[in-house]
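# Remarks on the overall topology
Now for the letters of each chain:
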Protein chains: 2
Amino acid sequence: MKKIDILKKLRSSGLRPTKQRVEIAKFLFEREKTFHFTVESLNKLLTKKSISKIALATIYNTVHAFKAAGHLSEVEVRGNKTYFDTNVSNHHHFYDSETAELIDIDANDIIIQKIPKAPNGKKIKNVEVFINLKN
Amino acid sequence: MKKIDILKKLRSSGLRPTKQRVEIAKFLFEREKTFHFTVESLNKLLTKKSISKIALATIYNTVHAFKAAGHLSEVEVRGNKTYFDTNVSNHHHFYDSETAELIDIDANDIIIQKIPKAPNGKKIKNVEVFINLKN
DNA sequence: ATCTAGTTTATAATTGTTCTAAAGTGAAAA
DNA sequence: TTTTCACTTTAGAACAATTATAAACTAGAT
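Think of each chain on its own: its residues are numbered from 1, step by step along the sequence as written. Here every chain gets a letter starting at A, and every ligand a number starting at 1, in the order they are written. Per-residue local features of the predicted model are confined to residues with pLDDT of at least 70, and side-chain atom pairs are confined, for both listing and counting, to 80 or more; whole-chain, interface and lining totals are unaffected and use all residues. By convention in this description, side-chain values take in all heavy atoms of the structure and omit both hydrogens and water.

### Observations regarding the protein's contact with DNA strand C
To be explicit about the condition: The nearness test applies per residue and asks whether one of its heavy atoms lies within 4 Å of the molecule or strand. Within 3.5 Å is the distance limit for a polar contact, defined as a pair of N or O atoms, with the added protein rule that one can donate a hydrogen and the other accept it, and that residues adjacent in sequence qualify only through two side-chain atoms. Here a strand is any run of E in DSSP of at least two residues, a helix any run of H or I of at least four, and the numbering for each starts at the N terminus.
As a structural note, the neighbourhood of DNA strand C is formed by 20 residues, with A:Thr18, A:Gln20, A:Arg21, A:Thr58 and B:His64 the closest of them. Among atoms of DNA strand C positioned within 4 Å of the protein, sugar and phosphate together represent 78%. The side chain of A:Arg16 places a nitrogen or oxygen atom 3.2 Å from a base nitrogen of DNA strand C. One of the side-chain nitrogen or oxygen atoms of B:Arg11 is found 3.4 Å away from a phosphate oxygen of DNA strand C. If you list the elements that add at least two residues to the surface near DNA strand C, you get helix H2 (19-29) and helix H4 (56-68) of chain A together with helix H4 (56-68) of chain B.

### Section: the sheet that holds strand S3 (residues 83-85) of chain B
Residues and elements named next belong to chain B. Threshold: Pairing between strands requires that DSSP locate at least two bridges from one strand to the other. All axes are obtained by fitting lines to C-alpha atoms, using only the stretch in contact for helices, and the reported angles, taken between N-to-C directions, cover 0 to 180 degrees. When checking whether two residues touch, look at their non-hydrogen atoms; a contact exists if any pair is within 4.5 Å.
Here we have three strands laid out as an open sheet, ordered S1-S3-S2, and antiparallel in their pairing. Each edge of the open sheet is held by one strand with a lone partner, namely strand S1 (36-38) and strand S2 (73-75). Taking each pair of neighbouring strands and ignoring which way they run, the sheet shows an average axis angle of 40 degrees. Of the pairings in the sheet, the one linking S2 to S3 comprises three bridges and is antiparallel in character. When the bridges of S3 are listed, Val-75 appears paired with Tyr-83. Contacting S1 and S3, helix H3 (residues 39-49) runs over the sheet at an angle of about 95 degrees to S1.

### Digging into the interface of chain A and chain B
Worth spelling out the cut-off: Buried area is understood as the total, over both parts, of accessible area removed when two parts are fitted together, assessed with a 1.4 Å probe. Whenever Lys or Arg places a side-chain nitrogen within 4 Å of a carboxyl oxygen from Asp or Glu, that contact is recorded as a salt bridge. Residue classes follow a fixed rule: Ala, Val, Leu, Ile, Met, Phe, Trp, Tyr, Cys and Pro count as nonpolar, while Asp, Glu, Lys and Arg count as charged, and any other residue, Gly among them, counts as polar.
Contacts between the two partners involve 40 residues from chain A and, on the opposite side, 40 residues from chain B. Around 3700 Å² of area is buried between chain A and chain B when both sides are counted, 54% of it from carbon and sulfur atoms. Notably, a salt bridge pairs B:Asp96 with A:Lys122, separated by 2.7 Å at the nearest N-O pair. Every element with two or more residues in the side of chain A that touches chain B is listed here: strand S2 (73-75), strand S4 (91-96), strand S5 (101-106), strand S6 (111-114) and strand S7 (123-134) of chain A. Counting residues per element, the side of chain A that touches chain B draws most heavily on S7(A), at twelve residues. Looking at the side of chain A that touches chain B residue by residue, the classes come out as 18 nonpolar, nine polar and 13 charged.

### What about the domain arrangement of chain A?
Our working rule: A domain assignment, automatic or from a database, supplies the domain bounds used here.
In terms of domains, chain A is made up of domain 1 (3-75) and domain 2 (91-133). In this structure, domain 1 of chain A and domain 2 of chain A have C-alpha centres spaced 26 Å apart.

### Section: the protein's contact with DNA strand D
Taken together, 19 residues are adjacent to DNA strand D, and A:His64, A:Lys81, B:Thr18, B:Gln20 and B:Thr58 come closest. Sugar and phosphate atoms form 78% of the subset of DNA strand D atoms that lie within 4 Å of the protein. At 3.4 Å from a phosphate oxygen of DNA strand D is found a side-chain nitrogen or oxygen belonging to A:Lys81. The side chain of B:Arg21 places a nitrogen or oxygen atom 2.9 Å from a phosphate oxygen of DNA strand D. Secondary-structure elements contributing two or more residues to the surface near DNA strand D are H4 of chain A together with helix H2 (19-29) and H4 of chain B.

### Here's the deal with the relation of the copies chain A and chain B
For clarity, the cut-off: To superpose the copies, least squares is applied to the C-alpha atoms of every residue with a pLDDT of at least 70 in both.
Overlaying chain A on chain B yields an RMSD of 0.1 Å, the required transformation being a rotation through 179 degrees with an accompanying axial translation of 0.0 Å. What the rotation and shift describe, once combined, is the action of a two-fold rotation axis. Both copies present the same face, since 100% of the interface residues in chain A are matched by interface residues at the equivalent positions in chain B.

### Quick word on the side chain of B:His91
Residues and elements named next belong to chain B. Rule in force here: Accessibility here uses a 1.4 Å probe with only protein chains present; expressed as a share of the type maximum, an area under 20% marks a residue as buried, one over 50% as exposed, and anything in between as partly exposed.
Among the secondary structure elements, His-91 is positioned in strand S4 (residues 91-96). Take His-91: its relative accessible area is 8%, and that puts it in the buried class. Among the polar contacts made by the side chain of His-91, one reaches the side chain of Asp-85 at a distance of 2.8 Å. One polar contact links His-91 to His-93, side chain to side chain, over a distance of 3.1 Å. What His-91 contacts, discounting residues up to four positions off in sequence, is Asp-85, Asp-104, Ile-105 and Ala-107.

Pasting the structure below:
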């Protein structure tokens, strides 16, 4: 993804393309593979990479803004930290608790044959499959 | 589950049946249906129910001890709070984000037909299906 | 160039959880 | 029984992740 597209992406979702947002967006979206992170890990990586220090609060703000705009998804992971994913399409995850690492699973790689119907007046929003790994 | 069984349950897992543990265990395990809770919600319910106040730290200690003994499981739920479940068998969950409520799904009510193989030297520990509900 | 609503920032506040160390207590041994 | 002591409980401090606050800053319209 090119820088011009980053600016479009931000503008089209009503986000003023500030220096910080562009920097974070480039870091997150200018890559081939999907990227999983926590705010803590993102902060560390950004600090290492850039000259200008971005405040932690800004990283929180930005990640939430990107999520609200549909550019990031939040992953179902047990534990205290919140994991985000640059892959916003419907998909699933492996989780390696040894390394606290997430790995995407394409939606087509899991087929669910039988599923219970939603309770009393509720509907199914989405189905997430989470595969815990061991060594 | 009767009180005598509660005592057995505690003793057999190497947990000294103290007043607090017995009280919490009775509250959690002497019921028909499985019970989902966070430490916060459990604390509120216990405070409402009992004469004697149990310290929050004790509730944390006890819940962790019960989990370590295999009497409770921790549920995969996104967010900051940790959810526990008195159902320790292999099963799945509906999650109603409106009410922040979990509903058990029996393992037999979901059949997965196709599943990817685990990456590089890893094995699959378990598969958790999480069905998000909407209205 | 000026203005202003939206943004960033440092810091405080909040929330969920764990740690600490002192006081209390089951239950085994005397 | 009483004594003893490792295991528990407890209040409060400490910690970690996140959110709120309010002052300074800035993108972009006027």
